[in-house]
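Observations on chain architecture
So you can see what is in the structure, the chains are spelled out below.
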Amino acid sequence: MSSEREALKADFLARHGLADARRDVMSGDASTRLYERVYPSTGGSLVLMDQPPALETSVCPPGATDAERLSLGYNAAARLAAGSVAAFVATADYLRGRGLSAPQVHAYDVENGLAVLEDLGDGLFATLIAEGTPERPLYETAVDLQAVLHAEPPPQVLAVDDLCWPLLTYDTLALKVATDTFLEFWPQFANIPAFSADAVAEWDALWAPVWVRGEAGAKVFAHRDYHAQNLLWLPERTGVARIGLLDFQDALCAHPAWDLLHLLQDARRDVSPELEAAMLDRYLAARPELERASFLADYRALAASNAARILGRVFARQALLGRPQYKAYMPRTWRALERDLDDPGMAGLKAWFDRHVPAEARA
């Protein structure tokens, strides 16, 4: 960390009465964000979020054309928030306004990418389950939270204080550029030839109906990264407020299957097919207006698209950047993708993978 960045953080904390607070670095993820736990002299703890703005490419301006988004880079094309503190603050306020447990934001500096947040603790689903906590009650509450969020249409703009952040749609282009990262990164990682122009054209034609369905069904608020390493268990609270929410700044208006498939086809921990099926049944029971067969077909198709994205942009790309720990997650994601491709509606894509990515080229 540069001395200039450290001085900026120290000044920010001092301006908000935390000059003498002790600070401990927290473990991070694959993003450009850093977190520190801050211990004020008066007791308790807070979290400092540090997102240097210069480390990310531009976000998507509302109304930008597809060509404009592509020219701005991956964040704009995929409609990612680039770690924006404005996105985090506005989204946290929206979630808290629905009675949900996003961290309270005590202070923020959008221009410099800093915020002081409520500390929701360390009770991540993934950690608690690994230590022996029964998983089903946690997953049931997480699914119930989805039903609560999806009960009302989200606004087009999230606003708090003097901040306004657009809640854009997870549209066809965003789905396409994310899924297409498999084409870019998997051949490099698996040491297979780059896919031919004909193979890419066939890929586009096969996926296009999936992406169109994803955009057509985009009618609810989506956290976008809703899984066991971003959800905390807060047993002292009640109802769906027992779920602490993290890492939601990339939220969009999306298909209602989106957060469920992240939760139930978790790339970082095993979720049994039996639990997945039971939780899908629970969600559909809470939303009887949905047509079951159509919803499940969309769920499988979008889950396959997401698995391709994860294998490409997240795992293969990170491994190529010298982070081999991501290789450990690949077999699980391939198994999920192969199960999704077994859906009768995915026969064409299953055949594409069988022709172009042989078993020995799948981690």
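What comes next is a walk through the structure. As the structure is a prediction and not an experimental result, all values here were calculated from the model.

Thoughts on the nonpolar core
One finds Phe182 and Phe353 to be the most contacted residues of the largest nonpolar core, which totals 109 residues. Counting residues per element, this core draws most heavily on helix H12 (residues 292-320), at 14 residues. In this view, Phe353 contacts Phe182, Trp203, Trp207, Trp334, Leu337, Leu341, Pro358 and Arg362; residues no more than four positions away in its chain are not counted. Residues Ala21, Val38, Ala107 and Leu114 belong to the second largest nonpolar core, which totals ten residues.

As for the layout of surface pockets
Taken as a whole, the second largest pocket encloses approximately 180 Å³ of empty space. Along the wall of the second largest pocket there are 17 residues; nearest its centre are Gln265, Asp266, Arg332, Ala336 and Arg339. Elements with a contribution of two residues or more to the lining of the second largest pocket: helix H10 (257-264), H12 and helix H13 (330-341). At five residues, the largest contribution of residues to the lining of the second largest pocket is made by H13. Grouping the constituent residues of the lining of the second largest pocket by class yields eight nonpolar, three polar and six charged.

Thoughts on the pairing of strand S2 (residues 34-39)
Direction of pairing for strand S1 (residues 22-25) relative to S2: antiparallel, over a ladder of four bridges. Across the sheet, the residue bridging to Arg23 is Val38, located in S2. Pairing of S2 with strand S3 (residues 46-50) involves five bridges; the strand directions are antiparallel. Across the sheet, Val38 pairs through a bridge with Leu46, a residue of S3.

Concerning the pairing of strand S6 (residues 157-160)
Here S6 shows a clear split, with Leu158 and Val160 buried on one side and none of Val157 and Ala159 buried on the other. Where S6 meets strand S7 (residues 163-166), four bridges bridge the pair, whose relative direction is antiparallel. Its bridge partner being in S7, Val160 is matched across the sheet by Leu163. Counting the residues in the hairpin turn of S6 and S7 gives two residues, including Asp161, whose phi is positive at 50°.

A word on unusual backbone geometry
It is generally the case that most residues other than glycine have a negative phi and that most peptide bonds are trans. In this structure, Asp161 is a non-glycine residue whose phi angle is positive, near 50°. Considering the arrangement of structural elements, one finds Asp161 in the loop between S6 and S7. On the basis of relative accessible area, Asp161 is assigned to the exposed category, the value being 64%. Positive phi, normally seen in glycine, also occurs at Asn191, with a value near 60°. Following the sequence through the fold, Asn191 ends up in the loop between helix H8 (181-190) and helix H9 (197-216).

A closer look at the state of the cysteines
Per the stated rule, a full pass over the model turns up zero disulfides. In this structure Cys60 is a free cysteine whose sulfur lies 14 Å from that of Cys253, the closest cysteine sulfur available. Overall, the relative accessible area of 7% leaves Cys60 in the buried class.

Brief notes about the pattern of salt bridges
Under the definition given, this model contains 36 salt bridges. Across the pair Arg5 and Asp50 runs a salt bridge, and its minimum N-O distance is 2.5 Å. Taken together, the positions of Arg5 in helix H1 (residues 3-15) and Asp50 in strand S3 put the pair 45 residues apart, joining distant regions of the chain. The burial state of Arg5 is the same as that of Asp50; both residues are buried. The partner of Glu36 in a salt bridge is Arg23, with the nearest N and O atoms 2.6 Å apart. Of this pair, Glu36 sits in strand S2 while Arg23 sits in strand S1, and the two are 13 residues apart along the sequence. Overlapping salt bridges, with partners in common, bring together Arg5, Glu6, Lys9, Arg23, Glu36 and Asp50 in one network.

Some words on the packing of aromatic side chains
Summed over all chains, the structure comprises 23 aromatic pairs. Centre to centre, the rings of Trp334 and Phe353 are 6.1 Å apart; their planes meet at 85°, and the pair counts as edge-to-face. Pair noted here: Trp334 is in helix H13 and Phe353 is in helix H14 (residues 347-356), with a separation of 19 residues, a long-range link. For Phe353, a relative accessible area of 0% gives the class buried.

What counts as what
Note on numbering: residues in each chain are counted from 1, in written sequence order. Local features in this predicted model are restricted to residues of pLDDT 70 or higher, and side-chain atom pairs are both shown and tallied only at a pLDDT of 80 or more, whereas totals for entire chains, interfaces and linings draw on every residue. The side-chain figures draw on all heavy atoms in the structure; neither hydrogens nor water molecules are used. The term nonpolar core refers to a set of buried residues drawn from Ala, Val, Leu, Ile, Met, Phe, Trp, Tyr and Cys, joined through side-chain atoms within 4.5 Å. Throughout, exposure labels follow a simple rule: accessible area from a 1.4 Å probe, protein chains only, divided by the maximum for the residue type, with under 20% read as buried, over 50% as exposed, and the rest as partly exposed. Strands are runs of DSSP state E lasting at least two residues, helices are runs of H or I lasting at least four, and both sets are numbered from the N terminus onward. Should any heavy atoms of two residues lie within 4.5 Å, those residues are considered in contact. Every definition here rests on a 1 Å grid over the protein atoms only: cavities are sets of points where a 1.4 Å probe fits but cannot get out, pockets are open sets enclosed by protein on both sides within 12 Å along at least five of seven lines, and lining residues have some atom within 4 Å of a point. Grid points are joined across faces, edges and corners, and a volume is the space filled by probe spheres set on the points. Only Asp, Glu, Lys and Arg are considered charged, only Ala, Val, Leu, Ile, Met, Phe, Trp, Tyr, Cys and Pro nonpolar, and every remaining residue, Gly among them, polar. At least two bridges found by DSSP between two strands are what make those strands a pair. Disulfide assignment relies on a single distance test, namely cysteine sulfur atoms paired within 2.5 Å. For this document, the term salt bridge refers to a Lys or Arg side-chain nitrogen within 4 Å of an Asp or Glu carboxyl oxygen. Pairing of aromatic side chains requires ring centres within 6.5 Å, counting the rings of Phe and Tyr and the six-membered ring of Trp. Pairs whose planes differ by under 30 degrees are stacked, by over 60 edge-to-face, and all others tilted.

No statement about biological role is implied by the geometric values presented.
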